[in-house]
Amino acid sequence: MNNPNDPLFQPYSLGDLALPNRVLLSPLTRARATQPGDIPNEMNARYYQQRADAGLILSEATQVSPQGKGYAFTPGIHSPEQVVGWKKVTTAVHMAGGRMHAQLWHVGRISHTALQPDGNKPVAPSAIQPEGAKTFISADSGMVDVPEPKALDAGEMSAIVEQFRQGAINAKSAGFDGVQVHAANGYLLDQFLKSGSNQRTDEFGGAVENRMRLPLMVVEAVIDVWGKENVGVRISPTGSFNAMYDEDPVETFSAFACRLNDLGIAYLEVVEDSFQGNHANGRPEEVIDAIQAGFKGTYIANGAYTAEEARKRINAGRCDLVTFGRPFIANPDLPERFRQHAELNKWDDSTFYGGDERGYTDYPTLKELEISASRKLLSPKGNKT
Ligand code: PHB
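Residues numbered from 1 in each chain as written. Predicted model: local features only at pLDDT ≥ 70, side-chain atom pairs only at ≥ 80, totals over all residues. Heavy atoms only, no water.

Visitor: I keep staring at the overall build of the protein and nothing clicks. Help me out?
Guide: Within the protein, the regular secondary structure consists of 12 helices and 14 strands. Here the C-alpha atoms of the protein give a radius of gyration of 21 Å, agreeing with the 21 Å that 2.2 N^0.38 yields for 385 residues. Along the three orthogonal principal directions, the C-alpha set of the protein runs to about 75 × 45 × 40 Å. The contacts of the protein with a sequence gap of at least 6 include a subset with a gap of at least 24, amounting to 74%. Counting only carbon and sulfur atoms, one obtains 51% of the accessible surface of the protein, whose full area is about 15,800 Å². (Helix = DSSP H or I, 4+ residues; strand = E, 2+ residues; numbered from the N terminus. Rg over C-alpha atoms; globule rule 2.2 N^0.38 Å. Contact = heavy atoms within 4.5 Å. Areas by Shrake-Rupley, 256 points an atom, 1.4 Å probe, with all protein chains shown as cover.)

Visitor: Any chance you could explain the site of the ligand here in plain terms?
Guide: All residues adjacent to the ligand are Thr29, Tyr71, Trp105, His182, Asn185, Tyr187, Phe241, Phe275 and Tyr353. Within the contact set of the ligand, an oxygen atom lies 2.7 Å away from a side-chain nitrogen or oxygen of Asn185. At 3.3 Å from an oxygen atom of the ligand is found a side-chain nitrogen or oxygen belonging to Tyr353. Burial of the ligand by the protein amounts to 92% of the accessible area it has alone, namely 280 Å². Of the residues that constitute the shell around the ligand, the class distribution is 6 nonpolar, 3 polar and no charged. (Near = heavy atom within 4 Å. Polar contact = N/O pair within 3.5 Å; in protein donor to acceptor, adjacent residues only side chain to side chain. Nonpolar A, V, L, I, M, F, W, Y, C, P; charged D, E, K, R; others polar.)

Visitor: How do you make sense of the pairing of strand β11 (residues 231–235) when you look at a structure like this?
Guide: Looking along a regular strand, one sees side chains alternate from face to face of the sheet. Across the 5 residues that make up β11, a large majority, 5, are buried. Taking every second residue as pointing to the same face, both faces of β11 are buried, with Val231, Val233 and Ile235 on one and Gly232 and Arg234 on the other. Here 5 bridges tie strand β10 (residues 178–183) to β11, and the two strands are oriented parallel to one another. Bridge pairing links Gln180 to Gly232 in β11. Of the crossover connections in this fold, the one passing from β11 over helix α7 (residues 249–263) to the parallel strand β12 (residues 267–271) is right-handed. (Buried < 20%, exposed > 50% of the residue type's maximum accessible area, 1.4 Å probe, protein only. Pairing = 2+ DSSP bridges. Right-handed = clockwise from strand over helix to strand, strands pointing away.)

Visitor: In this structure, what is going on with the packing of α7 against helix α8 (residues 284–294)? I would like to understand it.
Guide: Think of two packed helices as two axes; the pair is described by the angle between the axes and how far apart they sit. The contact between α7 and α8 brings their axes to 7 Å, and the two run at 25 degrees. With respect to α8, the element α7 is oriented roughly parallel. Relative to α8, α7 is oriented so that their crossing is right-handed. Taken together, the residues of α8 that come into contact with α7 (itself represented by Pro249, Val250, Phe253, Ser254, Ala257, Cys258 and Asn261) are Glu286, Val287, Ala290, Ile291 and Gly294. Counted by class, the contact of α7 with α8 contains 8 nonpolar, 3 polar and 1 charged residues. (Axes fitted to C-alpha atoms, helices over the stretch in contact; angles between N-to-C directions. Parallel < 35°, antiparallel > 145°, perpendicular 65-115°, else oblique. Left-handed = near helix turned anticlockwise from the far one by under 90°.)

Visitor: Is there a simple way to think about unusual backbone geometry in this case?
Guide: Most peptide bonds are trans, and most residues other than glycine sit at a negative phi. A cis amide bond links Gln35 with the next residue in sequence, Pro36, at an omega value of -10 degrees. Looking at the element boundaries, Pro36 is found in the loop between β3 (23–25) and α1 (42–50). Although it is not a glycine, Ala31 sits at a positive phi angle of roughly 55 degrees. Along the chain, the position of Ala31 falls in the loop between β3 and α1. Judged by relative accessible area, which is 2%, Ala31 ranks as buried. The backbone of Ala243 sits at a positive phi, close to 60 degrees, despite the residue not being glycine. Among the structural elements, Ala243 can be located in the loop between β11 and α7.

Visitor: Would you mind going over the nonpolar core with me for this structure?
Guide: It is characteristic of soluble globular proteins that their nonpolar side chains tend to be buried jointly. Among the nonpolar cores identified, the biggest contains 83 residues, and Val222 and Val233 are the most heavily contacted of them. Those residues in contact with Val233 that sit more than four places away from it in its chain are Gln180, Val181, Ala183, Val219, Phe256, Leu260, Ile265, Tyr267, Leu268 and Glu269. Ala61, Ala72, Val107 and Ala133 belong to the second-largest nonpolar core, a separate cluster that totals 12 residues. (Core = buried A, V, L, I, M, F, W, Y, C linked by side-chain atoms within 4.5 Å.)

Visitor: For this particular structure, what's the right way to read the side chain of Gln116?
Guide: Along the chain, Gln116 falls in the loop between β5 (100–105) and β6 (123–124). Beyond its immediate stretch of four places on either side in the chain, Gln116 contacts Pro66, Gln67, Lys69, Ser111, Lys121 and Pro122.

Visitor: Hey, could you run me through the pattern of salt bridges in this one?
Guide: Between side chains of opposite charge, a pair can form when the charged atoms approach closely. All chains considered together, the criterion is met by 20 salt bridges. The salt bridge partner of Glu42 is Lys88, with a shortest N-O separation of 3.8 Å. In this pair, Glu42 sits in helix α1 while Lys88 sits in helix α2 (residues 80–95), placing the two residues 46 residues apart along the sequence. The exposure class of Lys88 is partly exposed, given its relative accessible area of 36%. Between Lys194 and Asp190 there is a salt bridge, and its shortest N-O distance comes to 3.2 Å. Each of the two residues, Lys194 as well as Asp190, counts as buried. The network of salt bridges with shared partners includes Glu272, Glu285, Asp289, Arg313 and Arg318. (Salt bridge = Lys/Arg side-chain N within 4 Å of Asp/Glu carboxyl O.)

Visitor: Where do I start with the packing of aromatic side chains in this structure?
Guide: Pairs of aromatic rings are described using the distance from one ring centre to the other and the angle between the two planes. Evaluated as defined, the whole model comprises 10 aromatic pairs. Measuring from centroid to centroid gives 5.1 Å for Phe324 and Phe338, while their planes differ by 70 degrees, and the two rings are edge-to-face. Here Phe338 lies in helix α11 (residues 334–340) and Phe324 lies in strand β14 (residues 321–324), a separation of 14 residues in the sequence. Phe338 carries the same exposure label as Phe324, and that label is buried. Among the aromatic residues, ring-to-ring pairing joins Tyr47, Tyr48, Trp86, Phe176 and Tyr360 into one connected group. The side chain of Lys172 reaches across the aromatic face of Trp226, ending 5.2 Å from its centre. The lysine or arginine in question, Arg339, covers the ring of Phe9, its NZ or CZ lying 4.3 Å from the ring centre. (Phe/Tyr/Trp six-rings, centres within 6.5 Å; stacked < 30°, edge-to-face > 60°. Lys NZ or Arg CZ within 6 Å of the ring centre and 35° of its normal.)

As structure tokens, this is what we get:
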């Protein structure tokens with residue numbers, strides 16, 4: 001059954017890390033940090049530890065500052081308590097033999113005055129309200145519209161860069177193995193990259209050279225802290241989630257890929273279609289070609305792929321590594337299941353965001369399923385054990 005040539009199980013050297021397989025955990029917002037304070041906790045540590053067989057774990061999106069927060073219950077990496085909380089997580093993952101990068105996040109306009117310090121407006125490249133974009137501001141708020149943001153002044157850019165730099169420093173104190181800069185899915189850095197959300201007329205807007213300026217400043221600051229071999233970037237060139245649009249994703253993202261290549265980062269993770277199937281703009285394969293022409297480092301594909309599709313894409317040279325989201329939520333032992341071509345647990349999307357252990361740390365592994373099946377066989381009918 002186990003194929004020694006299975007492309008998903010060829011080891012891979014990623015920067016300073018030796019990955020035992022190509023099955024990576026996507027960064028996944030689960031909104032279960034301890035309140036108040038958005039602090040990672042023991043339950044979060046257990047969840048990540050259960051998934052430590054991933055080639056690499058990418059943490060859920062983690063705000064670099066109070067201003068960078070966009071959803072209730074998401075964790076941060078800017079307070080001492082949060083760093084202590086993350087240390088519990090990375091220790092649990094390392095004890096189980098895993099490797100983990102922190103995903104550094106600033107949501108930009110995808111936030112709400114109710115979540116911002118002093119009730120301020122969320123910040124963005126331009127004062128454009130993302131039509132139809134929603135967030136949740138409390139356990140019982142439901143999804144609410146995000147308001148019109150405030151456009152950042154040019155003088156405020158260095159403060160944004162410093163937020164990411166401090167997040168990178170804190171990620172080091174918290175014991176992570178590296179960091180991923182979140183420049184995808186309609187959050188702050190993606191808002192700068194794409195023409196639909198960035199209508200600035202200064203050196204941070206207009207031509208692609210200007211739209212990438214802030215994202216590149218951030219990546220450089222994070223490289224200063226971690227070294228280029230421990231830094232990755234996530235992009236979603238054709239994604240429309242959070243009301244995103246770019247008039248020329250091939251031009252924008254081939255330019256960005258070239259610049260990231262020059263900076264020598266370890267990897268680029270590309271959301272190849274769009275977050276949760278939101279209708280894409282631009283043709284993904286054409287954009288992927290353009291990115292790969294410019295970026296020669298490790299290419300990580302994210303695209304709701306099945307194991308079989310992932311094997312094909314690796315074999316065809318379309319990617320080096322693959323991140324899996326929803327199947328990894330429901331299958332803590334996803335790599336082993338892929339190895340065995342085993343059946344997968346189904347995910348329950350009602351427990352994706354917020355809540356307790358249910359739908360978080362209670363999905364069974366194959367081993368646990370076998371044990372409970374053999375218990376049932378052993379116990380006489382109707383006899384509860
Ligand atoms: C979300 O909370 O819906 C979310 C967060 C980060 C992403 C995508 C979606 O990159």
